[in-house]
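# Examination of the molecular architecture
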Amino acid sequence: MARISFSFLCPASWYFTVPTVSPFPRQRVAFLGLFFISCLLLLMLIMDFRHWGASSPRDRQYERYLARVGDLEATDTEDPDLNYGLVVDCGSSGSRIFVYFWPRHNGNPHDLLDIKQMRDRNSQPVVKKIKPGISVMADTPEHASDYLRPLLSFAAAHVPVRKHKETPLYILCTAGMRLLPERKQLAILADLVKDLPLEFDFLFSQSQAEVISGKQEGVYAWIGINFVLGRFDHEDEADAEAPQELVTGRRRTVGILDMGGASLQIAYEVPTSTSVLSPQEEEAAKILLAEFNLGCDVQHTEHVYRVYVTTFLGFGGNFARQRYEDLVLNETLNNNRLLGHKTGLSPDNPFLDPCLPVGLTDVVERNSQVLHVRGRGDWAACGAMLSPLLARSNTSQASLNGIYQSPIDFNNSEFYGFSEFFYCTEDVLRIGGRYHGPTFAKAAQDYCGMAWSVLTQRFKNGLFSSHADEHRLKYQCFKSAWMYQVLHEGFHFPYDYPNLQTAQLVYDREVQWTLGAILYKTRFLPLRDLRQEGVRQAHGSWFRLSFVYNHYLFFACILVVLLAIILYLLRLRRIHHRQTRASAPLNLLWIEEVAPIIGVQVGP
Ligand SMILES: Nc1nc2c(ncn2[C@@H]2O[C@H](COP(=O)(O)OP(=O)(O)OP(=O)(O)O)[C@@H](O)[C@H]2O)c(=O)[nH]1
């Protein structure tokens, strides 16, 4: 048995033997070896391609952590690769501008743009708020652009000037404007479209200034929070932070409750097949369902979401108070007329309002009618008085205003409450975060029962949140009772529902519907980036797959070449053996022929 050493290829100890009895098996072994190694390499290549662009779950979690930390840092305005976008939220109680930015799209068509709120040099979010709402310009629409100027000047000072031209500006108006006649809405928007481009260089056209529907507002809020929570990530089960959150291969999304000054929104994802409905309910459900694709391409159907979304105009905290005052004024004056009373007609005979803190005095005026009120801070009585304002119907499938509500699985769901849901729990009660019905009710009841003089003293002593103002103090009792009624009586949330978080910041990001709006409006931008990238790489794509780019391919080539050399050497050796055997008789012949001539003796 001959031993063939491959020491020129491998370390000295890496040698193996091949029988030399027959050259055929030896060659077969070599071929088998080549085949085996090639398969191995192919497998490695396939695995490498599968994971191309994807990192391990641990890496992903670490990347997410880093991204969250990065979110808190000042935005690098020197970075030429950053894009910016502006959203003005023109609400009923005020207007705010949010400045967002995002780096180039990462190239994965499954991902949305990584949009974040811009932070200034001091790492503070770039946001500015003004009061009152834009609807105050209803009678002087020609000055609407003057009203918004402070907000846009503020944004212009933060976004790098070289980026202004490519920075989209969206002016989106909500319930305050919705309540105006259409003619007045259009006059305000027309003034913005005409005058703002004269002064500011942002990317802005007529379609970018609009009064959005409550349904849109709800969907945007839903998109915003689910994006911040990473619920649109489509990952392997092993990658999920909480694997039970995964439903049919994607993460379970959270629902939202958003109570503004004038309107209220609820939105949550519903399964494609809901329980059996009557034809009328089926019809109602269709109107209240929004189906949309967050993918950058219509073909990416894994980004299609079906969301139940409803808006209730007049159910926001401030507007609900107005409706309540209307109700109280009308009922009191009617009773006065019928019973000959004089309740509320003078300060010394006020209407005792259970929804105001004890001792707080106020005057309600409607047209020429006046009602004097004084708080008596009775949480239970306040709740009872609010009940008619919920306008519920008798069916259990309906929520506020008798509107059909898609079933919520209260044992397997998660909700976030924004705006008034957060302010009511946090500003003065300081129990924002995880909501617990009985705890909230107790704290709100205690607040209502406090004397107004005590509350104002506590306010002066700075015992409440820095966001709390006198308006909050005054209406906290009413708003907390309203929020409680809406949640439990209107939307049928169990009193001990454990999965509601009230929030303004999530992972230190301010979660507003405006974030969802810009995500939705820029959802096709990744497609544009991907196309550009595609064109750029058209020539380089083969090169990307070449051995210079992929080290497995590089090693594969080297091994193939080396194996080819080995085979060649084996073949040479075989030929050499054959020749040696064939030349042996010749040698003998040569000896026989030549020996006599030169006198050599052959043999014994
Ligand atoms: N504590 C606190 N209260 C706020 C803040 N912003 C607004 N509010 C108050 O919360 C109430 C509701 O305001 P928003 O949530 O901004 O609602 P809006 O956008 O004006 O109302 P809609 O047009 O119905 O969406 C108002 O009474 C505001 O005065 C804030 O940042 N902190």
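Residues numbered from 1 in each chain as written. Predicted model: local features only at pLDDT ≥ 70, side-chain atom pairs only at ≥ 80, totals over all residues. Heavy atoms only, no water.

### A closer look at a nonpolar patch on the surface
Taken together, the side chains of Val-561, Ile-565, Tyr-568, Leu-569, Leu-572 and Ile-575 present a nonpolar region at the surface, about 530 Å² in accessible area. Looking at the element boundaries, Leu-572 is found in helix 17 (residues 551-598). With relative accessibility at 39%, the residue Leu-572 sits in the partly exposed group. (Patch = residues over 30% accessible without salt bridge, like charges linked within 9 Å, V, L, I, M, F, W, Y side chains within 5 Å. Areas by Shrake-Rupley, 256 points an atom, 1.4 Å probe, with all protein chains shown as cover. Salt bridge = Lys/Arg side-chain N within 4 Å of Asp/Glu carboxyl O. Helix = DSSP H or I, 4+ residues; strand = E, 2+ residues; numbered from the N terminus. Buried < 20%, exposed > 50% of the residue type's maximum accessible area, 1.4 Å probe, protein only.)

### Points about the side chain of Lys-479
Among the secondary structure elements, Lys-479 is positioned in helix 13 (residues 470-490). A distance of 2.6 Å separates polar atoms of two side chains, one belonging to Lys-479 and the other to Glu-420. With residues up to four places along the chain from it excluded, the contact list for Lys-479 reads Gly-317, Asn-318, Glu-420, Cys-424, His-471 and Arg-472. (Polar contact = N/O pair within 3.5 Å; in protein donor to acceptor, adjacent residues only side chain to side chain. Contact = heavy atoms within 4.5 Å.)

### Quick word on the state of the cysteines
Applying the stated criterion to the full structure yields two disulfides. Here Cys-355 engages in a disulfide with Cys-382; their sulfurs sit 2.0 Å apart. As the torsion about the S-S bond is roughly 105 degrees, the Cys-355-Cys-382 disulfide counts as right-handed. Highlighted residues: Cys-355 in the loop between strand 13 (351-353) and strand 14 (361-366) and Cys-382 in helix 9 (residues 379-390), separated in sequence by 27 residues. Assigned by exposure class, Cys-355 and Cys-382 land together as buried. Paired by a disulfide, Cys-448 and Cys-477 hold their sulfur atoms 2.0 Å apart. One disulfide, between Cys-448 and Cys-477, carries an S-S torsion of 110 degrees and so falls in the right-handed class. In this pair, Cys-448 is assigned in helix 11 (residues 437-448) and Cys-477 in helix 13, connecting sequence segments 29 residues apart. (Disulfide = S-S within 2.5 Å.)

### A word on unusual backbone geometry
In most cases, non-glycine residues show a negative phi, while peptide bonds are predominantly trans. Following Lys-131, the chain continues to Pro-132 via a peptide bond in cis, the omega torsion being -5 degrees. With respect to the secondary-structure elements, Pro-132 resides in the loop between strand 4 (127-130) and helix 3 (144-158). Located in the positive-phi region is Asn-401, a residue other than glycine, with phi close to 60 degrees. Judged by relative accessible area, which is 44%, Asn-401 ranks as partly exposed.

### Observations concerning the packing of aromatic side chains
Summed over all chains, the structure comprises 27 aromatic pairs. Taking the centre distance of 6.3 Å and the plane angle of 90 degrees together, the rings of Phe-292 and Tyr-520 count as edge-to-face. Of this pair, Phe-292 sits in strand 11 (residues 289-293) while Tyr-520 sits in helix 14 (residues 513-521); the two residues are 228 residues apart in sequence, bridging distant segments of the chain. Under the relative-accessibility criterion, Tyr-520 is labelled partly exposed at 22%. Aromatic side chains Phe-410 and Tyr-497 sit 5.7 Å apart centroid to centroid with 80 degrees between the ring planes, which places their arrangement in the edge-to-face category. Taken together, the residues span a long stretch of sequence, with Phe-410 in the loop between helix 9 and strand 16 (415-419) and Tyr-497 in the loop between helix 13 and strand 18 (500-502) at a distance of 87 residues. Every member of this aromatic cluster is reached through a ring pair, and the members are Tyr-220, Trp-222, Phe-232, Phe-292, Tyr-305, Trp-513 and Tyr-520. For the cation-ring pair, Arg-250 lies above Tyr-305, with the distance from its terminal atom to the ring centre recorded as 4.2 Å. The ring of Phe-315 has Arg-323 sitting right over it, with the charged end atom 4.4 Å from the ring centre. (Phe/Tyr/Trp six-rings, centres within 6.5 Å; stacked < 30°, edge-to-face > 60°. Lys NZ or Arg CZ within 6 Å of the ring centre and 35° of its normal.)

### Details of the pattern of salt bridges
A pair can form between side chains of opposite charge whenever their charged atoms are brought close. This structure, assessed with the given rule, holds 28 salt bridges. Among the ionic pairs, Glu-426 bridges to Arg-430, the shortest N-O distance being 3.4 Å. Overall, the relative accessible area of 42% leaves Arg-430 in the partly exposed class. One continuous salt-bridge network, built from bridges that share partners, spans Arg-321, Glu-325, Asp-326, Asp-353 and Arg-366.

### Considerations on the site of the ligand
Looking at the ligand, there are 24 residues lining it, with Ser-92, Ser-93, Arg-96, Thr-174 and Asp-427 nearest. Measuring from an oxygen atom of the ligand, one finds a side-chain N or O atom of Ser-93 at 2.6 Å. For the ligand, an oxygen atom lies 3.3 Å from a polar atom in the side chain of Lys-479. A total of 640 Å² of accessible area belongs to the ligand in isolation, and the protein chains cover 90% of it. Among the secondary structure elements, those contributing two or more residues to the shell around the ligand are helix 4 (175-178), helix 10 (420-426) and helix 13. Looking at side-chain class alone, the shell around the ligand contains three nonpolar, 13 polar and eight charged residues. (Near = heavy atom within 4 Å. Nonpolar A, V, L, I, M, F, W, Y, C, P; charged D, E, K, R; others polar.)

### So, the sheet that holds strand 12 (residues 304-313)
Strand order across the open sheet formed by seven strands is 11-12-10-9-16-18-17, with mixed pairing between neighbours. Only two strands of the sheet have a single neighbouring strand rather than two, namely strand 11 and strand 17 (433-434). As paired elements, strand 10 (residues 263-269) and strand 12 share seven bridges and run antiparallel to each other. Bridge assignment links Ala-267 to a residue of strand 12, and that residue is Val-309. Most of the contacts of helix 6 (residues 214-228) go to strand 10, to which it runs at about 55 degrees, and overall it touches strand 9 (255-259), strand 10, strand 11, strand 12 and strand 16. Strands in contact with helix 7 (residues 279-288) are strand 11 and strand 12; relative to strand 11, the strand with the most contacts, it is inclined by about 45 degrees. (Pairing = 2+ DSSP bridges. Axes fitted to C-alpha atoms, helices over the stretch in contact; angles between N-to-C directions.)

### Concerning the environment of Tyr-404
Topologically, Tyr-404 is positioned in the loop between helix 9 and strand 16. Judged by relative accessible area, Tyr-404 falls into the buried class, the value being 9%. Sequence separation of Tyr-404 and Arg-458 is 54 residues, and the distance between their C-alpha atoms is 43 Å.

### Some details on the packing of helix 12 (residues 452-460) against helix 13
It is the contact of helix 12 with helix 13, at a shortest axis distance of 11 Å, that shows an interaxial angle of 140 degrees. Crossing angle aside, the handedness with which helix 12 passes helix 13 is right-handed. For the pair helix 12 and helix 13, the contacting residues are Trp-452, Leu-455 and Phe-459 in the first and Glu-470, Leu-473 and Lys-474 in the second. (Left-handed = near helix turned anticlockwise from the far one by under 90°.)

### Digging into the nonpolar core
By size, the foremost hydrophobic cluster in this structure holds 61 residues, and its most contacted members are Leu-257, Leu-264, Ile-266, Phe-415, Trp-482, Phe-491 and Phe-493. In terms of residue count, the dominant contributor to this core is helix 13 (ten residues). Among residues more than four places away in sequence, those in contact with Phe-491 are Leu-257, Leu-264, Ile-266, Phe-312, Ser-399, Leu-400, Gln-405, Phe-410 and Val-486. In this structure, Ala-221, Val-309, Val-511 and Ala-517 belong to the second largest nonpolar core, which totals 39 residues. (Core = buried A, V, L, I, M, F, W, Y, C linked by side-chain atoms within 4.5 Å.)

### Considering the sheet that holds strand 15 (residues 369-375)
Strand order in the open sheet formed by three strands is 13-15-14, with mixed pairing between adjacent strands. Of all the strands in the sheet, the pair left with one neighbour each is strand 13 and strand 14. Strand-to-strand twist in this sheet, taken as the mean axis angle between neighbours without regard to direction, amounts to 35 degrees. Where strand 14 meets strand 15, six bridges bridge the pair, whose relative direction is antiparallel. Within strand 15, the position partnered with Val-363 by the bridge is His-372.

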